[in-house]
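If you want the building blocks of each chain, they are given just below.
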Amino acid sequence: MKIIIRFFKKYFKRIIVLMARGILWRFRPTIIGITGSNGKTSTKFAIYAAIKELKNVRVAKENLNTPLGISATIIGNYSHLEGFFIWMRIFFKGILVLFFSLRYPKILILEYGIDRPRDMKKLVLIAKPRIAIFTSLPEVPVHIEFFEGREGVFNEKVRLFEVLPTAGFAVLNADEEIIMSTRMRTRAKVITFGFNNKADVRISNYEIKQDEAGYPLGIVFKISYGGVTLPVKLDRSLGKGHVYAVSAAVTTAIIMGENLIKVVERISDQYEPFEHRMEISRGIKDTFIIDDTYNASPLSMTEAILTLKSLNPKRRVAVLGDMLEIGEYTIEAHEIVGKEIANDLGLLITVGPRARFIAESAKRHGMSPRKIISFDTNDEVCHRIEEFIKSGDVILLKASRGIGLEKVVEDIRMPEEVFARNYKLSM
């Protein structure tokens, strides 16, 4: 048994990648690839909501965006890859699909994530998409730590578009100039989405809906394409990130020949925020939670704070933790966040050593020290946060995934509540 385990540890990744490539060669599904520094997973599930009823579609349950993750998704549909028995299941499923199965999804929706130079090259060697979406690339992208600035990250991500066929499509965020320069690096047809008036699929009239107490209910906006403008309503979702995700999904569905009206109706009915991504729920002590704890970058942190500042509850509270993997930009990025929130919060709670730069910056820019509390770990916050929150608070929680703020969310979320089922929205 030990020999078998040792063999799988040494060769498992290589075997699974080869199996995945063989499966794609055999069945030739349409691959939709998604890259960007923010919004990949939300875009993935928005596309799935848009086309799943009419197509045989597979989408990864989690953000399995590494060579092993993409290969496992091609073979089957797994929520995690940890453990010897999962390895064995993937291995035998790969044999079954490659040599014996007669049915396979017609469409695969895959995330392409990078941490270091040459990562994208490894991914496109496994699976080359026919449609590729570029979601965003802020001034300080997440995972910039091992690259020479924003241009370095862009040059790696753009490899996904360089391998698109001439009959393929590049779906680009029209609001970011650097992303639009991708059109010079691809042979594929380009179609754009965004708030920009020149976007092919244009977003307008974005608005957050609140109840009388200032609690957020969801968002509404309009999408225009080909002379048709339609309203979109998303319950339980907040922030422009979801707007971009839905717009990219609509653009992708249009490319695939879907009817715009039906696609918008389907998304409005079926799209739900992925867990811990600007997800709203009721909290203890008659509070309201904005859970954005899945990950954090300077752009997504700023967007979340702007969303909080746009609300009018009794008191705004932010629980903000470290932003990781941004290298030399660490101090500057955290200080910018502190400046952004200094005069708009009733209470700031920071978690982690880097987040203390947020607290110090907020003080320098006029926030009273009495409104700022700093902790080193999320365990400390879990033990004490109930002391600090009050009825009527809207509480934003955001940090990089490694900080684990989702534990704090679970501690202050209303017991046994499933918000999507039990809280009726009146938008």
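Now for a description of the structure that goes with this document. (Residues numbered from 1 in each chain as written. Predicted model: local features only at pLDDT ≥ 70, side-chain atom pairs only at ≥ 80, totals over all residues. Heavy atoms only, no water.)

This next bit is on the overall build of the protein. When helices and strands are counted, the protein shows 16 helices and 15 strands. Taking 2.2 N^0.38 as the reference for a compact globule, 427 residues should give roughly 22 Å; the C-alpha atoms of the protein span a radius of gyration of 22 Å, in line with that estimate. Projected onto its principal axes, the C-alpha coordinates of the protein cover approximately 65 × 60 × 45 Å. Among the 427 residues that make up the protein, the fraction classed as buried is 58%. Taking the intrachain contacts of the protein between residues at least 6 apart in sequence as the baseline, contacts between residues at least 24 apart amount to 68%. A total of about 19,300 Å² of accessible surface is found on the protein, and carbon and sulfur atoms cover 50% of it. Of the side chains in the protein, 63 bear a positive and 49 a negative charge, and the two mean positions are spaced by 8 Å. (Helix = DSSP H or I, 4+ residues; strand = E, 2+ residues; numbered from the N terminus. Rg over C-alpha atoms; globule rule 2.2 N^0.38 Å. Buried < 20%, exposed > 50% of the residue type's maximum accessible area, 1.4 Å probe, protein only. Contact = heavy atoms within 4.5 Å. Areas by Shrake-Rupley, 256 points an atom, 1.4 Å probe, with all protein chains shown as cover. Lys, Arg positive; Asp, Glu negative; His and termini not counted. Charge placed at Lys NZ, Arg CZ, Asp CG, Glu CD.)

Our focus in this paragraph is the nonpolar core. Counting 127 residues, the largest nonpolar core has I51, I74, Y112, V250 and L348 as the members making the most contacts within it. Of all the elements, helix α9 (residues 240-255) adds the most residues to this core, at nine residues. Aside from chain neighbours lying at most four places away, what touches V250 is V201, I223, L260, V263, V264 and I267. Grouped together as the second largest cluster of nonpolar side chains are 22 residues, I349, F375, I389 and A399 included. (Core = buried A, V, L, I, M, F, W, Y, C linked by side-chain atoms within 4.5 Å.)

In this section: a positive patch on the surface. Residues K13, R118, K121 and K122 make up a contiguous surface patch of positive charge. Of note, R118 is situated in the loop between β3 (107-111) and α5 (119-126). Taking the relative accessible area as the measure of exposure, R118 reaches 56% and is therefore exposed. (Patch = residues over 30% accessible without salt bridge, like charges linked within 9 Å, V, L, I, M, F, W, Y side chains within 5 Å. Salt bridge = Lys/Arg side-chain N within 4 Å of Asp/Glu carboxyl O.)

As a further point, take unusual backbone geometry. Trans is the common state for peptide bonds, and a negative phi is the common state for residues other than glycine. In the Ramachandran plot, R28 falls in the positive-phi region, its phi being about 50 degrees despite a non-glycine side chain. Residue position: R28 is located in the loop between α1 (2-27) and β1 (30-35). Residue R28 is classed as exposed on the basis of its relative accessible area, which comes to 59%. Positive phi, close to 60 degrees, is recorded for K285, a residue that is not glycine. In this fold, K285 is placed in the loop between β10 (279-283) and β11 (287-292).

If you walk across this open sheet you meet the six strands as β10-β11-β15-β12-β13-β14, and the pairing is mixed. Edge positions in the open sheet fall to β10 and β14 (372-375), since each of these has one partner strand only. Taking the axes of each pair of neighbouring strands and ignoring which way they run, one obtains an average angle of 15 degrees across the sheet. Of the strand pairs in this sheet, strand β12 (residues 315-321) and strand β15 (residues 393-398) are connected by six bridges, and their pairing is parallel. What sits directly across from R315, in β15, is D393. (Pairing = 2+ DSSP bridges. Axes fitted to C-alpha atoms, helices over the stretch in contact; angles between N-to-C directions.)

Turning our eyes to something else, we now look at helix α10 (residues 260-270). Buried within α10 are the following residues: L260, V263, V264, R266 and I267. Angularly, the buried residues of α10 cover 160 degrees about the axis, an arc narrow enough to put them on a single face. Of the exposed residues in α10, those oriented more than 90 degrees away from the buried face are K262 and D269. On its buried face, α10 sits against α2 (40-51), β8 (216-225), β9 (228-235) and α9. (Arc of directions from axis to C-beta.)

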